[in-house]
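Structural overview
Each chain is listed here by its residues.
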Amino acid sequence: MFTGLIEEVGVLRGISTGGEMMVLNIGASVIMDDLKIGDSIAVNGVCLTATTLGDHYFTADVMPQTFRNSNLKELRIGSKVNLERAMAAGGRFGGHIVQGHVDGTGTFKSIKRDQNAVVFEIAADRKSLYKYIIPKGSITIDGISLTVVTTGTSSFTVSVIPHTLGETVLGHKRAGDSVNIECDVLGKYVDHLLRYGSAGREEEAEDISSGISHDFLAANGFI
């Protein structure tokens, strides 16, 4: 589990590919302090596993499923990436619950300055993601925990402070660039329970739908 608070910006030092698999060699310093082989680390919001460690670098495998559903395949040697180690028990939970399980990618439609902030307009590549994107809700963009400002049927916006721009790869992004998107896991769980209950899956469906249903939520003021 991650928080979406980026610890440092790393640099892709090397990359090897074979079909839809990749091995990334990423240069870093801050996160190397206590990183161990087998540790989880979010790379542009994608949960990967450190497979080897070296002098200011680590490597991580990217399997076909991750290759197909994230923008890691677009990385090139020299690309900058957001890095975050898994949240330590007892640490400050400054962002929101981030799994590192990317739901899809998106594209920056526009980038506009609003006094001391920068507003990014993003179009998600899958229309189905928009039901999880709500105003003032949490969203993860390239591993960064952000708050949704506005949302519509074809795009949404987030507003970013100067500190976040300076400490993440967002400061290097341009209109047309792609990003990884992870929606708030709480919304996905609620949606799954409602759909599961309405699917009529015998015993399990009866147990779930009897406790959480559209009528139940409406009766208790949730919708």
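A brief look at the structure comes next. Keep in mind it's a predicted model, so treat the numbers as computed, not measured. Residue numbers here run from 1 along each chain, matching the order of that chain's written sequence. Local features in this predicted model are restricted to residues of pLDDT 70 or higher, and side-chain atom pairs are both shown and tallied only at a pLDDT of 80 or more, whereas totals for entire chains, interfaces and linings draw on every residue. Note that the side-chain values use all heavy atoms of the structure and ignore hydrogens as well as water.

The next point concerns the pairing of strand β12 (residues 178–183). Relative accessibility decides the category of a residue: with a 1.4 Å probe and only protein chains considered, values under 20% of the type maximum give buried, values over 50% give exposed, and everything between is partly exposed. Elements are defined by DSSP. Helices are runs of H or I of four residues or more, strands are runs of E of two residues or more, and each kind is numbered from the N terminus. Counting buried positions along β12 yields six of six residues, so the element is predominantly enclosed. Neither face of β12 is open: one carries Ser-178, Asn-180 and Glu-182, the other Val-179, Ile-181 and Cys-183, and all of them are buried. Only strands that DSSP links by at least two bridges are regarded as paired with each other. Here strand β7 (residues 104–114) runs beside β12; their pairing, made up of four bridges, is antiparallel. The residue bridging Gly-104 from the neighbouring strand is Ile-181, located in β12. Of the strand pairs in this sheet, strand β9 (residues 138–141) and β12 are connected by three bridges, and their pairing is antiparallel.

With that settled, the discussion passes to the sheet that holds strand β6 (residues 80–85). Reading around the barrel, the six strands line up as β1-β2-β5-β4-β3-β6 and close back on themselves, with antiparallel pairing between neighbours. Neighbour-to-neighbour, the strand axes of the sheet open up by a mean angle of 45°, direction not taken into account. Pairing between strand β4 (residues 46–54) and strand β5 (residues 57–62): four bridges, direction antiparallel. Within the sheet, the bridge partner assigned to Ala-50 lies in β5 and is Ala-60. To obtain each axis, a line is fitted to C-alpha atoms, and for helices this fit is confined to the stretch in contact; angles are then taken between N-to-C directions over 0 to 180 degrees.

On to the nonpolar core. Note on terminology: a nonpolar core comprises buried Ala, Val, Leu, Ile, Met, Phe, Trp, Tyr and Cys residues joined through side-chain atoms within 4.5 Å. Residues Ile-139, Phe-156 and Ile-181 are the most contacted members of the largest nonpolar core, which totals 24 residues. Elements with a minimum of two residues in this core: β8 (117–124), β9, β10 (144–151), β11 (156–160) and β12. At five residues, the largest contribution of residues to this core is made by β8. Excluding residues within four positions of it along the chain, Phe-156 makes contact with Phe-120, Glu-121, Ile-122, Tyr-130, Ile-133, Ile-139, Ile-141, Thr-150, Thr-151 and Ile-181. Residues Ala-28, Leu-35, Val-46 and Leu-75 belong to the second largest nonpolar core, which totals 21 residues. Working rule for contacts: check all heavy atoms of both residues, and any pair within 4.5 Å makes them a contact.

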